[in-house]
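Letter by letter, the chains look like this.
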Amino acid sequence: MAITRTFSIIKPDATRRNITGKVNAMIEAAGLRIVAQKRLQLTQAQAEGFYAVHRERGFFGELVQFMISGPVVVQVLEGEDAVPAYRKVMGATNPANADAGTIRKELAESIEANTVHGSDSDENAAIEIAYFFSQCEIVG
Ligand code: RTP
Ligand code: MG
């Protein structure tokens, strides 16, 4: 296994409920290191650009509105096989289907307000990290 990076967003449902620390504690307990982090209010254009792959899906408009409904925390996580490691601790997209002990099972409100985003491949992680962070903001 190799030390790699993934990109994470703590979504507006979590900032609204003031539970970003709980999410970070679960990330760190899973052995991942937060090597970059900042709180942002996404613009509609930023959210649409970030989720461009979902443009044709029925939930795109609602997803974008949700993602700009409050602040988010964007993060770079580092660890052994970080992409699958983070998806494991996130749990299934729909919290109703997520395993016990995962972030979405323990904290998420619904399939949309599901508390966190995590990259789905190393290739997309690199693209998503570059969308929000410059090299000098990431301290491994
Ligand atoms: P994410 O990209 O946020 O890490 O989540 P994911 O891979 O588990 O899910 P994905 O299929 O990429 O969907 C992106 C986000 O869109 C919202 N969603 N809503 N209403 C719906 O049926 C629906 N399906 C997906 C979720 O917020 C999901 O995280
Ligand atoms: Mg996804």
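If you look the chain up in an unreviewed UniProt entry, it shows as Nucleoside diphosphate kinase from Sandarakinorhabdus cyanobacteriorum. Database annotation for the chain, UniProt heading Function (unreviewed entry): "Major role in the synthesis of nucleoside triphosphates other than ATP. The ATP gamma phosphate is transferred to the NDP beta phosphate via a ping-pong mechanism, using a phosphorylated active-site intermediate." Under the Sequence similarities (unreviewed entry) heading, UniProt states for the chain: "Belongs to the NDK family."

K.L.:
Explain the UniProt feature "binding site: ATP" (unreviewed entry) in the chain to me, please; I cannot follow it from the model alone.
P.N.:
The feature "binding site: ATP" (unreviewed entry), as given by UniProt, occupies K11, F59, R87, T93, R104 and N114 in the numbering adopted here. Looking at R87, the relative accessible area reads 36%, which means it is partly exposed. Discounting residues that sit within four places of it in the chain, R87 has contacts with G118, S119 and D120. Considering the arrangement of structural elements, one finds N114 in the loop between helix 6 (103-107) and strand 4 (116-118). A residue is classified by how much of its surface remains accessible, and N114, at 2% relative accessible area, is buried. Non-local contacts of N114, meaning those with residues more than four positions away in its chain, are made with K11, D13, T93, R104 and A108.

K.L.:
Help me out: how do you make sense of the confidence of the model for the chain in this one?
P.N.:
When pLDDT is low, close inspection of the predicted coordinates is not appropriate. Confidence in the prediction for the chain averages 98 pLDDT; 100% of positions are at 70 or higher. Interface confidence for the predicted complex, expressed as ipTM, amounts to 0.93; the pTM equals 0.97.

K.L.:
Even after reading the chapter, I still don't get the site of ligand 1, so can you show me in this structure?
P.N.:
Ligand 1 sits among 16 residues. The nearest are K11, T93, N114, H117 and G118. One of the side-chain N or O atoms of K11 is found 3.0 Å from an oxygen atom in ligand 1. Residue H117 places a side-chain N or O atom 3.0 Å away from an oxygen atom belonging to ligand 1. Considering ligand 1 on its own, with 550 Å² of exposed area, one finds that the protein chains cover 81% of that surface. Of all elements in the fold, only helix 5 (82-90) and strand 4 reach the threshold of two or more residues within the shell around ligand 1. Ranked by residues supplied to the shell around ligand 1, first place goes to strand 4 with 3 residues. Taken together, the residues that form the shell around ligand 1 break down as 6 nonpolar, 5 polar and 5 charged.

K.L.:
Whenever I open this one, the sheet that holds strand 1 (residues 3-10) confuses me. Can you help?
P.N.:
Think of a sheet as strands paired side by side through backbone hydrogen bonds, with each pair either parallel or antiparallel. What the 4 strands build is an open sheet, ordered 2-3-1-4; its pairing is antiparallel. The two strands at the open ends of the sheet, each matched to only one other strand, are strand 2 (33-40) and strand 4. Across the sheet, the axes of successive neighbouring strands diverge by a mean angle of 20°, strand direction being ignored. By the bridge criterion, 7 bridges tie strand 2 to strand 3 (residues 72-80) in an arrangement that is antiparallel. Note that in strand 3 the partner of Q37 across the bridge is Q75.

K.L.:
Is there a simple way to explain the UniProt feature "active site" (unreviewed entry) in the chain in this structure?
P.N.:
UniProt tags H117 as "active site" (unreviewed entry). On the secondary structure map, H117 appears in strand 4. Relative accessible area serves as the criterion here: at 12%, H117 is assigned to the buried category. In this view, H117 contacts F7, S8, I9, K11, F50, Y51, Y86, M90, R104 and E128; residues no more than four positions away in its chain are not counted.

About the criteria used
Residues numbered from 1 in each chain as written. Chains lettered and ligands numbered in written order. Predicted model: local features only at pLDDT ≥ 70, side-chain atom pairs only at ≥ 80, totals over all residues. Heavy atoms only, no water. UniProt positions renumbered as here; feature names shortened; annotations may be inferred. Buried < 20%, exposed > 50% of the residue type's maximum accessible area, 1.4 Å probe, protein only. Contact = heavy atoms within 4.5 Å. Helix = DSSP H or I, 4+ residues; strand = E, 2+ residues; numbered from the N terminus. pLDDT = per-residue confidence, 0-100. Near = heavy atom within 4 Å. Polar contact = N/O pair within 3.5 Å; in protein donor to acceptor, adjacent residues only side chain to side chain. Areas by Shrake-Rupley, 256 points an atom, 1.4 Å probe, with all protein chains shown as cover. Nonpolar A, V, L, I, M, F, W, Y, C, P; charged D, E, K, R; others polar. Pairing = 2+ DSSP bridges. Axes fitted to C-alpha atoms, helices over the stretch in contact; angles between N-to-C directions.

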